[in-house]
Each structure stands twice: as structure tokens, then as C-alpha cells.
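# Fold and geometry: a report
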Amino acid sequence: MFRQASRLLARTTTAATSRRSRAFSSDVPATPAQDSNFIESWTKVVPNLDPPKTPSSFMAPRPATPSSIPTKLTVNFVLPYASELAGKEVDMVIVPATTGQMGVLPGHVPTIAELKPGILSVHEGNDVKKYFLSSGFALIHANSVADIIAVEAVPFDRLDPALVQKGLADFTQKLSSATTDLEKAEAQIGVDVHSAMNSAIAG
């Protein structure tokens, strides 16, 4: 489904929360690099062999949770084939979560949100950069870092209104004439994506 939405999004482009006033409630210690219980058990059973490496052995310690809310939100925005934003410090982002538009400010509660077709807005002072996303996830961390992963995305100003209208009409027709479950599902994805793009353009 995600790949289908990505193809639809690519065809319609032109060529050319809340701020918290209290301390973080998720202030948990960083995960240790080694599991001491596992090491102890391994040593008892096989004392002549070094214990195998576990996934936690290759993970960097979790960043410490700041004692105060930072003034900026650090955003990483990535696609399967590119990194749009890497360590970008901004004032706020608004993501198209499946539960509705979600504003993320520095100090936002840790959250994992599934994204639906819609507009991602990146606010930096008076500058607002907008992208249209097909789908993905947003991971908001306790240290005011937001990782946004999208299957496909394009700058909002590259959307072609004429192509969006044509695509919406085509997929509405396909949906009405679909006979199999697969045809209906693919047509419904097309309708959903183009409807979201049309609503975004209409403002």
C-alpha cells in the first residue's frame, strides 16, 4: 500500500502538542551496553568462551534527558533514498498523524505516530517549509529530537493542481468500476492520496 501511494505522489508533482511546563516523566537511565545477568549466566555455563555480542552491545547509550526544556526542536527527516533534514534545529513541526494534525514543540511527550497522506510543516522563525507526505512514522523522543520517516515526500510547491484533479477523477472512476478486492484497495489508496493533495492545495 505504501509503495502504491508513493507512485501516486510522484506522478502528481511538477517538474520544475504541546509544550510541557513540568519535568520529564520519562527520565529513565540509559540502557547498559552489556546485560550483566546474561554475562554471569554465560560464564557459569561456558567459562572458557567469551560471551557472544548482543544487539545492545552495538547500541550507543541513550542520550540523557535534559533537566529543562530546550529552546529548539531537533528534526531528522528521511526518505528511503534521501535525507531531507539532518539535525535541523527548528521551532516546531506539524505532522499529518492518522489521529489528526499534531504539532510538536521542544519538550513534547515521547510519542510514536503513524502518518497519513498530508502536509508536514517545518517552522523556523517566520519561515515555514512544507512537504506533502504519502505515509510514514514520526518518532518524538524525550530529548526534544523528532525523527520523521516518510515513504515518499515532495515539497508542497511542486504539486500540480491539474494533475491532482485528473488523478482524483481517474481513481474515483476506477473505484466505482473495481470488481476485485485488490482493484478496490488500489483505487481507494489513489482516492485517499489525491483527496489529501487536493485538500492541501485548496488550503
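To keep things clear, this report deals only with the structure shown in the data block. Keep in mind that what you see is a predicted model, and the values were worked out from it rather than measured.

Let's shift gears to helix H3 (residues 161-177). The terminal C-alpha atoms of H3, which comprises 17 residues, lie 25 Å apart, in line with the 24 Å expected from a rise of 1.5 Å per residue. Taken residue by residue, H3 has Val164, Gly167, Leu168 and Phe171 as its buried positions. All buried residues of H3 lie within an arc of 105° about the axis, which places them on one face of the element. Away from the buried face of H3 by more than 90 degrees, exposed residues Ala162, Lys166, Gln173 and Ser176 are located.

It is worth spelling out the pattern of salt bridges at this point. Side chains that differ in charge, positive against negative, can pair when their charged atoms come close. According to the stated counting rule, one finds four salt bridges in the structure shown. Among the salt bridges present, the one from Lys44 reaches Glu40, with a minimum N-O distance of 3.6 Å. Of this pair, Lys44 and Glu40 both sit in helix H2 (residues 36-45), four residues apart, which is roughly one turn of that helix. Judged by relative accessible area, which is 64%, Lys44 ranks as exposed. Note that Asp91 is salt-bridged to Lys72, the shortest N-O span being 2.6 Å.

Rules and cut-offs
- Residues numbered from 1 in each chain as written.
- Predicted model: local features only at pLDDT ≥ 70, side-chain atom pairs only at ≥ 80, totals over all residues.
- Heavy atoms only, no water.
- Helix = DSSP H or I, 4+ residues; strand = E, 2+ residues; numbered from the N terminus.
- Expected span 1.5 Å × (residues − 1).
- Buried < 20%, exposed > 50% of the residue type's maximum accessible area, 1.4 Å probe, protein only.
- Arc of directions from axis to C-beta.
- Salt bridge = Lys/Arg side-chain N within 4 Å of Asp/Glu carboxyl O.

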